[in-house]
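# Per-entry structural report
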Amino acid sequence: MKAYIAKRIAYGIFVMWLVATVVFFGLRAIPGDPVRTMLGPEATDDAVQSLRAELGLDQPMHVQYIDWMTDLAMFEFGRSITKGGPVSSLLADAAPMTLSIGLIGLVFGMSIAIPAGILSATRKYEVEDYAATFISFMGLSMPAFFIGILLAVVFGVWIDLLPIFGYVSITEGFFPWLESLLLPGIAVGLPYGAIVMRMMRSSLLEVMNEPYMKTARAKGVNGRVRLYKHAAQNALIPVVTIAGIQTALLLAGSVTVEIVFGIQGLGQLLVDSILDKDYPVTQGVILVVAGILVFTNIVVDLLYTVLDPRIRYGGEQT
Amino acid sequence: MSLLTVKGLTTEFHTRRGVVTAVDDVDLTVNRGELVGLVGESGSGKTVLAESVVGLVEEPGVVTADSIVFDGQRLDQLTESEMRTLRGGKIAMVFQDPMTSLNPTISTGEQIAEAVRLHNDTGESISLPAELKRKIFGAAKDTESWRRAIELLEEVGIPEPSVRVTEYPHEFSGGMRQRVMISMALAGEPDLLIADEPTTALDVTVQAQILEDLKSLSQEFDTAILMITHDLAVVAETCDRVNVMYAGNIIERAPADELFANPQHPYTQGLLASTPRANKRRKLDPIPGNVPDLTNISYACHFAPRCPESTAECYDVEPEFRSMGPDHVAACLQRDPEVSDRE
Ligand code: SF4
């Protein structure tokens, strides 16, 4: 097991390196000059040259690449070209906001999706099932930012219940934090929950038809024990896969939704840095997002071992 | 003395295409401690019949019966929760595929112990929270039900039962899993064990072993076995009496020896001719044609379209059982009833 985790982490680092490399060269392949963008069209060639030298952008590509990699190895992301200041502190400011939105979305989505999926499967083709199915299709057919706008209009403007702008750090209290992020969290959580719920429903229906469920009936186990003791864990195995993959959706959702709610998170940072050709910042944001996804994957794989006794990493796999 | 007496049992499935009559007005008797075979091709309704008896048929299936009497109790009048105490208790089942019939996420010991708790007075709680606790944190090892689970595993011949009891089904071989299934079925010391194709999914070498085990367990616990199978060889090896089923009807019923020596119904004769081991001749003759679609069958003898001896009458007149000898009946119009003082 320990060997397996070590292997997964090593693999994760490899993926991160790959992402870093692709991003590095990819960004530089996009036409345009960050220094000119920064200094404006009237800047003299001299000014451009000296700033370029200062930022190390006059070095040949491979030297820049090696510099960037050595920095990365020490968790240094370089300095922002346009905003000054180290990229790492920009990331440290922005990432918690986006992560908070994603986390609230995850908790909200899951806590709706699992019970709704169970209800939907156990009351197949009844009112509860149709209601859950309808809501999940609504969630699936609307992008997160659109749901965000709807929520902002309804709960922020019409009912005036929740703030629709800005972010309160959790250091200022849990409830103010939660309040400032509830609407964006729900906005990303709904589409996520909708997918997870559909999966939970179909997975549970499939499990209910497994021969071992008939065994449980033939054994005299009552319906509720059959559902929660015999079926639920088996049904969750494919749900965890989907939930893990969809974390990417959750993050993508947070990035757009935070712009709707005027939160200066990773999404805002990414968009600004791309427009400004602020290479180091763009690279940093992408690496952080990639890191989150790699981490989620490791967590999902470890969850499997908890849920499915047939999977034992590190030993023989059956 | 009869343990189970089923009279006029019909099971219909209401589907969009029409009503499928899987079991059509069937009588069945199992005596105490007796090994009874229920033989038929897949689709003959044999499994549905057994599941109808114990109330395992689910929507859209509808079971009706004149009466189902088990150990003096009218099963057809029990509520679902009363039925549940019988299922896995006095009437237990073993299914075809031990690979998929055991829950992959519950240890084999806990699966057996659960059956023990449900059908014996162990003083352990069987409420949902208690069961969930066992599921999440593992079963308590110092309980009556856990000790009994180990005993039961030993009973069915699993080596090192106190080690294997904590293992999961995937760590067992096919034959061992079927033994686990059997030990689970024995948890409530059943009077009747319904074994639905218990050896079909197993290796040939293991098959004979499992049948032997079932036979000796039946003796030891005085448990009657209803052996559901498509395989006449299985019947020949285990059963005292045989019921042959075709397209929802039992069409012949006889002591096993008698049936093999003297089959009367054309379908039974065809079945025997197509079975390698029971067949004395060299050539195998499979019965031409297939089991009919059971939706709205319009002809009286369901075997008529495949029967080499059918006449026009067979399509109009439903064949009743005719006595073919002591304890031997067949439902065929072309057989003259033997004068007999039985039946
Ligand atoms: S009743 Fe007629 S069709 Fe049916 S088995 Fe007898 S001979 Fe064949």
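First things first, this report covers the structure right here in the doc.

What counts and how
- Residues numbered from 1 in each chain as written.
- Chains lettered and ligands numbered in written order.
- Predicted model: local features only at pLDDT ≥ 70, side-chain atom pairs only at ≥ 80, totals over all residues.
- Heavy atoms only, no water.
- Helix = DSSP H or I, 4+ residues; strand = E, 2+ residues; numbered from the N terminus.
- Buried < 20%, exposed > 50% of the residue type's maximum accessible area, 1.4 Å probe, protein only.
- Contact = heavy atoms within 4.5 Å.
- Areas by Shrake-Rupley, 256 points an atom, 1.4 Å probe, with all protein chains shown as cover.
- Lys, Arg positive; Asp, Glu negative; His and termini not counted.
- Charge placed at Lys NZ, Arg CZ, Asp CG, Glu CD.
- Phe/Tyr/Trp six-rings, centres within 6.5 Å; stacked < 30°, edge-to-face > 60°.
- Lys NZ or Arg CZ within 6 Å of the ring centre and 35° of its normal.
- Near = heavy atom within 4 Å.
- Nonpolar A, V, L, I, M, F, W, Y, C, P; charged D, E, K, R; others polar.
- Axes fitted to C-alpha atoms, helices over the stretch in contact; angles between N-to-C directions.
- Parallel < 35°, antiparallel > 145°, perpendicular 65-115°, else oblique.
- Pairing = 2+ DSSP bridges.
- 1 Å grid on protein atoms, 1.4 Å probe; cavity = no way out; pocket = protein on both sides within 12 Å on 5 of 7 lines; lining within 4 Å.
- Points joined across faces, edges and corners; volume = space filled by probe spheres on them.
- Salt bridge = Lys/Arg side-chain N within 4 Å of Asp/Glu carboxyl O.
- Buried area = accessible area lost by both parts, 1.4 Å probe.
- Polar contact = N/O pair within 3.5 Å; in protein donor to acceptor, adjacent residues only side chain to side chain.
- Left-handed = near helix turned anticlockwise from the far one by under 90°.
- Core = buried A, V, L, I, M, F, W, Y, C linked by side-chain atoms within 4.5 Å.

As a further point, take the overall build of chain A. When helices and strands are tallied, chain A shows 13 helices and 0 strands. Counting from the amino terminus, helix and strand elements in chain A follow one another as α-α-α-α-α-α-α-α-α-α-α-α-α. By its C-alpha atoms, chain A is 85 × 60 × 35 Å across when sized along the principal axes. Within the span of chain A, comprising 318 residues, buried residues form 47% of the whole. Long-range pairs, those at least 24 residues apart, make up 72% of the contacts in chain A with a sequence separation of at least 6. Roughly 15800 Å² of accessible area belongs to chain A as shown, and the carbon and sulfur atoms make up 69% of that amount. Charged side chains of chain A number 21 positive and 25 negative; the gap between the two group centres comes to 20 Å.

For the coordinates displayed, the defined rule picks out 12 aromatic pairs over all chains. Ring geometry for F24(A) and F25(A): centres 4.9 Å apart, planes at 85°, overall edge-to-face. The partly exposed category is assigned to F25(A), whose relative accessible area is 38%. A relative accessible area of 1% means that F24(A) is categorised as buried. Through a chain of ring-to-ring contacts, three or more aromatic side chains come together here, namely F24(A), F25(A), Y65(A) and W68(A). Over the ring of F24(A) we find R28(A); its NZ or CZ atom is 3.9 Å from the centre of that ring. Positioned over the ring face of W146(B) is K141(B), at 4.8 Å from the centre of the ring.

Attention shifts here to the site of the ligand. Neighbouring the ligand are H265(B), P266(B), C301(B), A304(B), C307(B), E309(B), S310(B), C314(B), C332(B), L333(B) and Q334(B). Among the residues making up the shell around the ligand, the classes are represented as 7 nonpolar, 3 polar and 1 charged.

Helices that pack against each other are described as a pair by the angle of their axes relative to one another and the distance between those axes. Residues and elements named next belong to chain A. It is at 4 Å that the axes of helix 10 (residues 223–245) and helix 11 (residues 247–260) come closest, and there the two elements cross at 30°. Taken together, the axes of helix 10 and helix 11 lie roughly parallel to each other. Here helix 10 contributes A243, G244 and I245 to the contact with helix 11, which in turn contributes T247, A248 and L249. Per-class residue counts for the contact of helix 10 with helix 11 are 4 nonpolar, 2 polar and no charged.

Residue and element names in this part refer to chain B. Strand order in the open sheet formed by 8 strands is 7-8-9-3-10-11-13-12, and the pairing between neighbours is mixed. Two strands bound the open sheet, and with one partner strand each, they are strand 7 (91–94) and strand 12 (322–325). Here the average twist between neighbouring strands, direction ignored, is 20°. Here strand 8 (residues 192–196) pairs with strand 9 (residues 224–229) via 5 bridges, running parallel. Counted as the bridge partner of I194 is L226 from strand 9. Packed onto the sheet, helix 7 (residues 174–185) meets strand 7 and strand 8 and runs at close to 175° relative to strand 7. Running over the sheet, helix 11 (residues 266–273) touches strand 3 (35–39), strand 10 (241–246) and strand 11 (249–255) and is turned about 100° from strand 10.

We now examine the layout of surface pockets. In this structure, the largest pocket encloses a volume near 880 Å³. Lining the largest pocket are 28 residues, and of these A121(A), L205(A), M208(A), N209(A) and E58(B) sit closest to its centre. Contributing elements (two or more residues each) for the lining of the largest pocket: helix 5 (87–122), helix 8 (174–208), helix 9 (211–219) and helix 10 of chain A together with helix 1 (46–53) of chain B. When its residues are assigned to classes, the lining of the largest pocket shows 14 nonpolar, 4 polar and 10 charged.

With that settled, the discussion passes to the pattern of salt bridges. Counted by the stated rule, this structure contains 27 salt bridges over all chains. Of the charged contacts, one joins R32(B) and D71(B) as a salt bridge, the two residues approaching to 2.7 Å between their closest N and O atoms. Of this pair, R32(B) sits in the loop between strand 2 (18–31) and strand 3 while D71(B) sits in the loop between strand 5 (67–70) and strand 6 (73–74), and the two are 39 residues apart along the sequence. Here D71(B) falls in the partly exposed class, since its relative accessible area comes to 40%. The residue R74(B) makes a salt bridge to D76(B) at a minimum N-O spacing of 2.9 Å. Under the relative-accessibility criterion, R74(B) is labelled partly exposed at 31%. Residue class for D76(B) comes out partly exposed when judged on its relative accessible area of 30%. The structure contains a network of salt bridges with shared partners spanning K219(A), K229(A), E110(B), E114(B), R117(B), E131(B) and R134(B).

Further remarks concern the interface of chain B and chain A. It is common to report an interface's size as the accessible area lost on association of the parts. Between chain B and chain A, the residue contacts involve 32 residues of the former and 23 residues of the latter. Note on chain B versus chain A: buried area summed over both sides is about 2500 Å², and carbon and sulfur give 59% of it. Where chain B meets chain A, there are 6 salt bridges. The closest approach of N and O atoms between E51(B) and K214(A), which form a salt bridge, is 2.4 Å. In this structure, the connection of chain B to chain A is made through 18 residue pairs in polar contact (both at pLDDT 80 or more). Only helix 3 (108–119), helix 4 (128–137) and helix 7 of chain B provide two or more residues apiece to the side of chain B that touches chain A. Here the side of chain B that touches chain A gets 7 residues from one element, more than from any other, and that element is helix 3 of chain B.

Residues and elements named next belong to chain A. Here helix 5 crosses helix 11 at 120°, and the two axes come no closer than 9 Å. Of the possible angle classes, the one that applies to helix 5 and helix 11 is oblique. Taken as a pair, helix 5 and helix 11 cross one another with a handedness that is right-handed. Packed against helix 5, whose contacting residues are T98, I101, G102, G105 and L106, the element helix 11 presents L250, L251, S254 and E258 at the interface. Grouping the amino acids of the contact of helix 5 with helix 11 by side-chain chemistry returns 4 nonpolar, 4 polar and 1 charged.

What follows is about the nonpolar core. One finds L49(B), L75(B), L192(B) and I194(B) to be the most contacted residues of the largest nonpolar core, which totals 95 residues. Among all residues touching L192(B), those that are not within four sequence positions of it are L3(B), L4(B), V30(B), F70(B), K90(B), I91(B), A92(B), T223(B), A224(B) and L226(B). Residues M142(A), L151(A), A152(A) and L183(A) belong to the second largest nonpolar core, which totals 38 residues.

Let us look at unusual backbone geometry. Cis geometry marks the peptide bond from E59(B) to P60(B); its omega dihedral reads 0°. Inspection of the secondary structure puts P60(B) in the loop between helix 1 and strand 4 (61–64). For K277(A), which is not glycine, the phi dihedral falls at a positive 60°. By the secondary structure assignment, K277(A) is in the loop between helix 12 (266–276) and helix 13 (279–307). Exposure remark for K277(A): the relative accessible area of 14% places this residue in the buried category.

Attention now goes to the pairing of strand 11 of chain B. Residues and elements named next belong to chain B. Across the 7 residues that make up strand 11, a large majority, 6, are buried. Pairing between strand 10 and strand 11: 6 bridges, direction antiparallel. Looking across to strand 11, one finds that M245 is bridged to I250. Linking strand 10 to strand 11, which pair antiparallel, is a turn of 2 residues; within it A247 sits at a positive phi near 45°.

Geometric descriptors of this kind do not, in isolation, establish any biological role.
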